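Structure assessment
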Number of protein chains: 2
Amino acid sequence: MNGGVFIKTLVVVGHPQIEDSSTQQFLKVAADLPQVTWHPLTTFDLSVANEQKLIGQADRIVLQFPLYWYSAPAILKNWLDLVLTRHFAYPEAMGSLVDKELGIAVSLGSPARHFTAGASENVSISQLMVPFQALAHKLQMTFLPTFVVDQFGYQTDEQKAKLLISYQQYLTQKRLDHFDDQTNWLTAKLTELMATVSDDRREQLALILEQIKSNQSTLEDLQMNLKLIHDMEE
Amino acid sequence: MNGGVFIKTLVVVGHPQIEDSSTQQFLKVAADLPQVTWHPLTTFDLSVANEQKLIGQADRIVLQFPLYWYSAPAILKNWLDLVLTRHFAYPEAMGSLVDKELGIAVSLGSPARHFTAGASENVSISQLMVPFQALAHKLQMTFLPTFVVDQFGYQTDEQKAKLLISYQQYLTQKRLDHFDDQTNWLTAKLTELMATVSDDRREQLALILEQIKSNQSTLEDLQMNLKLIHDMEE
């Protein structure tokens, strides 16, 4: 497997009725990837040692939940309260989360466009995520941009298809904000796919792959030229 | 009792080990007032109807907890998740919390001065309270300034005495930001106290009370004069 392109991720799912949630069931199928550990919380009674071991095995921790009263549901908060003991988590003690990434995948019951100053919620998702950002800061983790699932139940099939890809990227792509990594991620994904499809499909995919790689080398040339021009001007 | 000065308050205490917390035990003694219902949460398993009844009886709801990973502990979040059902809470449904006040009494394990941009926590208490402010906004409640208990264990006896008074005010004083109400609150408190003390003590308190009332009427004169000057200038 492309160890250089993908990252190991623990998805901690905090939802009081995971089985009844069409959003969570969709995301579960999307997260069925070799690099991803899907970890639904079903009880308030946890084995702290087991949970800490799961954290230890991951590069990226994604806390996934529906927004309940502007924060995580109690079952997810309980996980944080019990598992992140000072000894385990504080950088001046074991510092077990230092240099890992912290992501939030939050699903909304009301439209995302309502979450902005002046709209009906009058607060942004970024503002609501500040306690998690503070947690990442304290534990010397990298805080990722929040992944928002906007009213899944109202999404079209096309929107859901896009959601699937962007969610898989959120879970497994190294350096989420880098275009190169995004291209590498898509290339690796397509290569994986080629092994599983029929011969004529494989030919189609090979052509797409060729195109993406060619685009990338064109882009690299452009970037090189831009850099030369920039350097000459200084 | 002075119905016009005091307000009926429900204090919902979310602390995993209330009995072991010297902060919570101190606040419990301070909250032992006829207008205050002290309601410690001891289980995740709640009778929603009972909890909703308690809310119905109060004018002010104070959520009280130690800051755990920059938010309320799971036991308090669980209370919000279960008790504030849409039907009960949403203004377009029963709207059971409309026009009530929402206060937060939060105790800190690290110094309050660390909670500011550029300091070690790099985030303010106000920023961390935004999810609760959003809750108050949604339910058409008045959000009160947060009451912060700054590292109780390190406080001197004098600091604790001040904490007791300001906490009692936070729980029971009408219109927290009004000077008149603060004076009325203190006057009523002293009058209460006079009934319980010895004769010579009572004389002392009567003098103090006289002084406060006289200060207040001086202040009212000053305010009237200021208003007259202001009106003439316009």
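The following paragraphs examine the structure supplied in this document. Remember, it's a predicted structure, so these values are computed and weren't measured experimentally.

Calculation notes
Residues numbered from 1 in each chain as written. Chains lettered and ligands numbered in written order. Predicted model: local features only at pLDDT ≥ 70, side-chain atom pairs only at ≥ 80, totals over all residues. Heavy atoms only, no water. 1 Å grid on protein atoms, 1.4 Å probe; cavity = no way out; pocket = protein on both sides within 12 Å on 5 of 7 lines; lining within 4 Å. Points joined across faces, edges and corners; volume = space filled by probe spheres on them. Helix = DSSP H or I, 4+ residues; strand = E, 2+ residues; numbered from the N terminus. Nonpolar A, V, L, I, M, F, W, Y, C, P; charged D, E, K, R; others polar. Least-squares fit on C-alpha atoms with pLDDT ≥ 70 in both. Contact = heavy atoms within 4.5 Å. Buried area = accessible area lost by both parts, 1.4 Å probe. Salt bridge = Lys/Arg side-chain N within 4 Å of Asp/Glu carboxyl O. Polar contact = N/O pair within 3.5 Å; in protein donor to acceptor, adjacent residues only side chain to side chain. Axes fitted to C-alpha atoms, helices over the stretch in contact; angles between N-to-C directions. Parallel < 35°, antiparallel > 145°, perpendicular 65-115°, else oblique.

**With respect to empty space enclosed by the protein**
For the coordinates displayed, the defined rule picks out three cavities of 30 Å³ or more. In this structure, the largest cavity is lined by 18 residues; those nearest its centre are A:Ser71, A:Ala72, A:Lys77, B:Ser71 and B:Ala72. Sorting the residues of the lining of the largest cavity by element identifies α3 (74-83) and α6 (130-138) of chain A together with α3 (74-83) and α6 (130-138) of chain B as the ones contributing at least two each. Considered class by class, the residues forming the lining of the largest cavity number 14 nonpolar, two polar and two charged.

**Brief notes about the relation of the copies chain A and chain B**
With an RMSD of 0.2 Å, the operation that places chain A on chain B is a rotation of 180° combined with a shift of 0.1 Å along the axis. Taken together, the rotation angle and the small translation identify this as a two-fold axis. Among all residues of chain A, the one whose C-alpha sits closest to the rotation axis is A:Ala74, at a distance of 2.4 Å. When the interface residues of chain A are mapped onto chain B, 100% of them again lie at the interface, so the same face is used by both copies.

**Re the interface of chain A and chain B**
Taken residue by residue, the interface counts 28 residues in chain A and 28 residues in chain B. Summed over both partners, the interface of chain A with chain B comes to about 2400 Å²; 66% of that surface belongs to carbon and sulfur atoms. A per-residue breakdown of the area chain A buries against chain B is headed by A:Trp69, A:Tyr70 and A:Lys77, which together make up 29% of the total. Applying the counting criterion to the chain A and chain B interface returns two salt bridges. The partner of A:Lys138 in a salt bridge is B:Glu121, with the nearest N and O atoms 2.9 Å apart. The interface formed by chain A and chain B contains 14 residue pairs in polar contact (both at pLDDT 80 or more). Secondary-structure elements contributing two or more residues to the side of chain A that touches chain B are α3, α5 (125-128) and α6 of chain A. Broken down by element, the residue count for the side of chain A that touches chain B peaks at six residues, all from α6(A). Taken together, the residues that form the side of chain A that touches chain B break down as 18 nonpolar, six polar and four charged.

**Here's the deal with the packing of helix α2 (residues 48-56) of chain A against α3(A)**
Residues and elements named next belong to chain A. Relative to each other, α2 and α3 sit at 95°, their axes nearing to 10 Å. With respect to their mutual orientation, α2 and α3 come out roughly perpendicular. Where α2 abuts α3, its residues Val48, Glu51, Gln52 and Ile55 lie against Trp79, Leu82 and Val83. Looking at the contact of α2 with α3 residue by residue, the classes come out as five nonpolar, one polar and one charged.

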